Each structure stands twice: as structure tokens, then as C-alpha cells.
Amino acid sequence: MKTKTWILIFATLALICSILNLLLFYGGEENNTALVYSDGTLVERIDLTQDADYRIDFGKEWNILSVKNGKISVSSASCATQDCVRHGQSNHGAPIVCLPNRLVIEFEDTQLDAFLK
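Since the model is a prediction, treat every value here as computed from it, not as a measurement. Throughout this document, residue positions are counted from 1 along each chain, in the order its sequence is written. Confidence filtering applies because this is a predicted model: local features only for residues at pLDDT of at least 70, side-chain atom pairs given and counted only at 80 or more, and all residues used for totals across whole chains, interfaces and linings. Each side-chain value is derived from all of the structure's non-hydrogen atoms; neither hydrogens nor water enter the calculation.

Trainee: Could you clarify how one ought to interpret the pairing of strand E7 (residues 103-107) in this entry?
Mentor: Within a regular strand, side chains alternate between the sheet's two faces. The buried label applies to any residue whose accessible area, calculated with a 1.4 Å probe on protein chains only, is under 20% of its type's maximum; exposed applies above 50%, and partly exposed to all values in between. Only DSSP runs of H or I reaching four residues or more are called helices, and only runs of E reaching two or more are called strands; each is numbered from the N terminus. Residue alternation in E7 divides its side chains into a buried set, Leu103, Ile105 and Phe107, and an unburied set, Val104 and Glu106. Relative to E7, strand E1 (residues 33-38) is paired through five bridges, and the arrangement is antiparallel. Paired with Leu35 across the bridge in E7 is Glu106. DSSP bridges decide pairing: two strands pair if at least two such bridges lie between them. When strand E6 (residues 96-98) meets E7, the two strands line up antiparallel, connected through three bridges. Residue pairing for E7: Cys98 is matched across the bridge by Leu103. In sequence, E6 turns back onto E7 through a hairpin of four residues, with Arg102 there showing a positive phi of about 55 degrees.

Structural data, given as C-alpha cells:
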């Protein structure tokens, strides 16, 4: 291929990456909904604008979720490792996971959903 073609391809890719970066990381509002899955099944949709506590049971195991100031955290859990409790508060990014209790808290990506529509 000619040099001009390669330059055009790389410039186009750089432009697309820059636009996606701006849309996904700097555009729109913060996520305000957390999706709580227990053993792969959606069990709770939590509005992060309302401060509250939620108890999620899985058999004999349980997790207490706390929403405060637009962020969610696992405040206590029946699992032995307590990794989910040490994760801290979050309202975006990587999910909060409690493997022993099969609990996953993900954040609804309203920015990406709006971009894909």
C-alpha cells in the first residue's frame, strides 16, 4: 500500500479512538443505577440517588449493600474472605464481586447505551 493510504487509515483510527474516549469517559452523566446479580440472575436494580441499605440473600449466605452519596458498597457479608467489603464504594468501573456468595454488582452504562442507540 502507498504511504498516503496508511496515513489515512491511522488518522481515521486515531480520530475514532479519540471520539470514543471523550464519549465514554468524559461525556454524559455518571451512572446512577446498580444492577445486582445473584448466581447470574438479576435480583435487584438499585437507584444510587437514594441512600438506603439492602440485604441480598443467597441460600444461607447474605450481603448487606449500602448506598450513600451516589455510591454503593458491600458493608457486610457472610463470606470468610470479606474481599467485597474491602472493595469500598463505587459508582462506575469494575464490578464489585463476592465469589463465595455468588454476588456481582455491575453499573448500568447509560453513556454507552445512549451512544449505541
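Trainee: I tried to follow the sheet that holds strand E3 (residues 52-58) on my own but got confused; where do I start?
Mentor: Within a beta sheet, neighbouring strands are joined by backbone hydrogen bonds and run either parallel or antiparallel to one another. An order of E3-E4-E5 is seen for the three strands of this open sheet, with the pairing classed as antiparallel. With one partner strand each, in any of the chains shown, E3 and strand E5 (71-77) form the two edges of the open sheet. Between one strand and the next, the sheet's axes are offset by a mean angle of 25 degrees, whatever the strand orientation. Where strand E4 (residues 61-68) lies against E5, six bridges are found, and the strand directions are antiparallel. In the sheet register, Ser66 faces E5, and the bridge partner there is Ser73. Lines fitted to the C-alpha atoms define the axes, with helices restricted to the stretch that makes contact. Angles between their N-to-C directions range from 0 to 180 degrees.

Trainee: Help me out: how do you make sense of the nonpolar core in this one?
Mentor: The nonpolar core is taken to be a set of buried Ala, Val, Leu, Ile, Met, Phe, Trp, Tyr and Cys residues, with the residues joined through side-chain atoms within 4.5 Å. Counting 17 residues, the largest nonpolar core has Ile46, Leu65, Ile72 and Ile105 as the members making the most contacts within it. Going through the elements one at a time, E1, E4, E5, E6 and E7 are the ones with two or more residues in this core. We call two residues in contact when some of their heavy atoms are within 4.5 Å. Not counting the four nearest positions on each side in its chain, Ile72 is found in contact with Ala34, Ile46, Leu48, Leu65, Ser66, Val67, Gly88, Gln89, Ser90, Ile96, Ile105 and Phe107.

Trainee: I would appreciate a short explanation of the packing of aromatic side chains in the present structure.
Mentor: Any pair of aromatic rings gets described here by the distance separating the centres and the angle formed by the planes. Ring geometry is summarised as follows: Phe, Tyr and Trp rings, the Trp one being its six-membered ring, pair when their centres sit within 6.5 Å, and such pairs are stacked at plane angles under 30 degrees, edge-to-face over 60 and tilted between the two. Tallying each qualifying case throughout the model produces one aromatic pair. An angle of 25 degrees between the planes, with centres 5.8 Å apart, marks the rings of Trp6 and Phe10 as stacked. Taken as a pair, Trp6 and Phe10 lie in helix H1 (residues 3-25) at a separation of four residues, close to a single helical turn. Residue Trp6 is classed as partly exposed on the basis of its relative accessible area of 41%.

Trainee: Before we go on, may I ask you to explain the pairing of E4 in this structure?
Mentor: Where E3 lies against E4, seven bridges are found, and the strand directions are antiparallel. Paired with Phe58 across the strands is Glu61, a residue of E4. Here E3 folds back onto E4 in antiparallel fashion, the turn holding two residues, of which Gly59 has a positive phi close to 65 degrees.

Trainee: Got a minute to help me understand the pattern of salt bridges in this structure?
Mentor: Two side chains of opposite charge can pair, provided their charged atoms sit close to one another. The rule for a salt bridge is simple: a side-chain nitrogen of Lys or Arg has to be within 4 Å of a carboxyl oxygen of Asp or Glu. Summed over all chains, the structure comprises four salt bridges. Asp39 is paired through a salt bridge with Arg102; the nearest N and O atoms lie 3.6 Å apart. Here Asp39 is found in the loop between E1 and strand E2 (41-47), whereas its partner Arg102 is found in the loop between E6 and E7, with 63 residues between them in sequence. In this structure Arg102 comes out as partly exposed when scored by relative accessible area, which is 45%. The shortest N-O distance in the salt bridge between Arg45 and Glu108 comes to 2.1 Å.

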